[in-house]
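# A structural walkthrough
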Amino acid sequence: MDYILAPSILSADFLTLKDQIDQVEKAGAKYLHFDVMDGMFVRNISFGIPVLKCLKGNTGMVLDVHLMIMEPSRYFEKFKDAGAEILTIHYEATRTVKEDLLRIKELGMIPSLTISPDTDAAVVFPYLEYVNQILIMTVQPGEGAQSYIDKCTDKIKAVREEITKRGLNVNVEVDGGINEKTILTAKEAGANVFVMGSSIFHGNPYENALKYKGMLGIQ
Ligand code: DX5
Ligand code: ZN
């Protein structure tokens, strides 16, 4: 299985954003996680299309965009144009999950589906054929630097087991409270893509990314 670090710029210093993302790329991170919040699906507002456009073409990392917005399909074309490569939508934010995932693919992006901590893991099972990634939220979406919710470990296991049982090739990403205490729990449960905000960008991003790469056994 490929293990991938996905630093989340939600915790980066935006005055030195280019330097910060260069550091994590140099350390070997393969995805750059980009959290979009609309003040409706989640209480907070983060950043959006103009910032993503700045990143497009300025990093070799895959732009992994996590939409915490209601009715995300309203913005699929705009995110595609701005450089999104993986596009994650929340199961809870749309009534047209399958159509949305198919549309993301049709637009040339990689479809990904996520569930919040209180949503049952089994709700994603009917959609596994339409995605390349399932994101299991391990904190309530909406802000960085929260603590990992332990009950989510069983959800990671359940989703990984179902993917294996059906012989599918789907990444399992985890997001929220991933740090040196929780990363191996998530890995052992079956996660292979690790979103990390505060534990990478608070302190020295290069050194932190190297440390977590080492913990995951990434060469
Ligand atoms: C939270 C976001 C996360 C956030 C994680 O809603 O989806 O991507 O950046 O932050 P940490 O790693 O600090 O928990
Ligand atoms: Zn996220």
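Higher on the page you've got the structure.
Only a predicted model underlies this, so the values are computations on that prediction, with no experimental measurement involved.

## Some points on the coordination of the zinc ion (ligand 2)
- Protein ligation of the zinc ion (ligand 2) involves His33 (NE2), Asp35 (OD), His66 (ND1) and Asp175 (OD), the donor distances falling in the range 2.0 to 2.3 Å.
- Angles of 70 to 168° at the metal separate the 6 donor atoms of the zinc ion (ligand 2), which places the site in the octahedral class.
- If you list the donors of the zinc ion (ligand 2) from N- to C-terminus, the spacing comes out as H-x1-D-x30-H-x108-D. In this pair, histidine 33 is assigned in strand 2 (residues 31–37) and histidine 66 in strand 3 (residues 62–68), connecting sequence segments 33 residues apart. With respect to burial, histidine 33 and histidine 66 carry one shared label: buried.

## Structural notes on the nonpolar core
- If you look at the biggest cluster of nonpolar residues, it comprises 59 residues, and the most contacted ones within it are Ile9 and Phe194.
- Considering each element in turn, this core owes the most residues, 4 residues, to helix 1 (residues 17–27).
- Grouped together as the second largest cluster of nonpolar side chains are 6 residues, Ala6, Tyr31, Ile86 and Val193 included.

## A short note on the pattern of salt bridges
- The final tally for this structure, using the stated rule, is 10 salt bridges.
- Taking the shortest distance from any N to any O, the salt bridge between arginine 166 and glutamate 162 comes out at 3.0 Å.
- According to the relative accessible area criterion, glutamate 162 is buried, its value standing at 12%.
- Measuring nitrogen to oxygen at the nearest pair gives 3.0 Å for the salt bridge that ties glutamate 180 to lysine 211. With glutamate 180 in the loop between strand 7 (171–175) and helix 6 (183–189) and lysine 211 in helix 8 (residues 205–216), this residue pair connects regions lying 31 residues apart in the sequence.
- Residue class for glutamate 180 comes out partly exposed when judged on its relative accessible area of 48%.
- Within this structure, Glu129, Glu162, Lys165 and Arg166 form a network of salt bridges that share partners.

## A closer look at the pairing of strand 7
- The element strand 7 is largely enclosed, with a buried count of 5 among its 5 residues.
- In strand 7, alternate side chains face the same way, and those of Asn171, Glu173 and Asp175 on one face and Val172 and Val174 on the other are all buried.
- Strand direction decides the pairing type here: strand 6 (residues 133–137) and strand 7, joined by 5 bridges, are parallel. When the bridges of strand 7 are listed, leucine 135 appears paired with glutamate 173.
- Once the chain exits strand 6 it traverses helix 5 (residues 152–165) before rejoining the sheet at strand 7, and the crossover so formed is right-handed.
- Pairing analysis gives 3 bridges linking strand 7 to strand 8 (residues 193–196), with the strands arranged parallel. The partner of valine 174 across the bridge, within strand 8, is phenylalanine 194.
- Crossover connection from strand 7 via helix 6 to parallel strand 8: handedness right-handed.

## Topic: the sheet that holds strand 4 (residues 86–90)
- Pairing is parallel across the open sheet formed by 8 strands, whose spatial order is 1-8-7-6-5-4-3-2. Since the sheet does not close on itself, it has two edges, and those belong to strand 1 (4–7) and strand 2, each with one partner. On average, adjacent strands in this sheet sit at an angle of 25° to one another, irrespective of strand direction.
- With 7 bridges joining them, strand 2 and strand 3 adopt parallel strand pairing. Note that in strand 3 the partner of histidine 33 across the bridge is aspartate 64.
- Across the sheet, helix 8 lies against strand 1 and strand 8, angled at about 150° from strand 1, the strand it touches most.

The rules behind these values
- Residues numbered from 1 in each chain as written.
- Chains lettered and ligands numbered in written order.
- Predicted model: local features only at pLDDT ≥ 70, side-chain atom pairs only at ≥ 80, totals over all residues.
- Heavy atoms only, no water.
- Donors = N, O, S within 2.8 Å, 3.2 Å for Na, K, Ca; no water.
- Tetrahedral: all angles 85-135°; square planar, octahedral: opposite > 155°, others 65-115°.
- Helix = DSSP H or I, 4+ residues; strand = E, 2+ residues; numbered from the N terminus.
- Buried < 20%, exposed > 50% of the residue type's maximum accessible area, 1.4 Å probe, protein only.
- Core = buried A, V, L, I, M, F, W, Y, C linked by side-chain atoms within 4.5 Å.
- Salt bridge = Lys/Arg side-chain N within 4 Å of Asp/Glu carboxyl O.
- Pairing = 2+ DSSP bridges.
- Right-handed = clockwise from strand over helix to strand, strands pointing away.
- Axes fitted to C-alpha atoms, helices over the stretch in contact; angles between N-to-C directions.
- Contact = heavy atoms within 4.5 Å.

Honestly, that's just the spatial picture; any functional story needs more than this.
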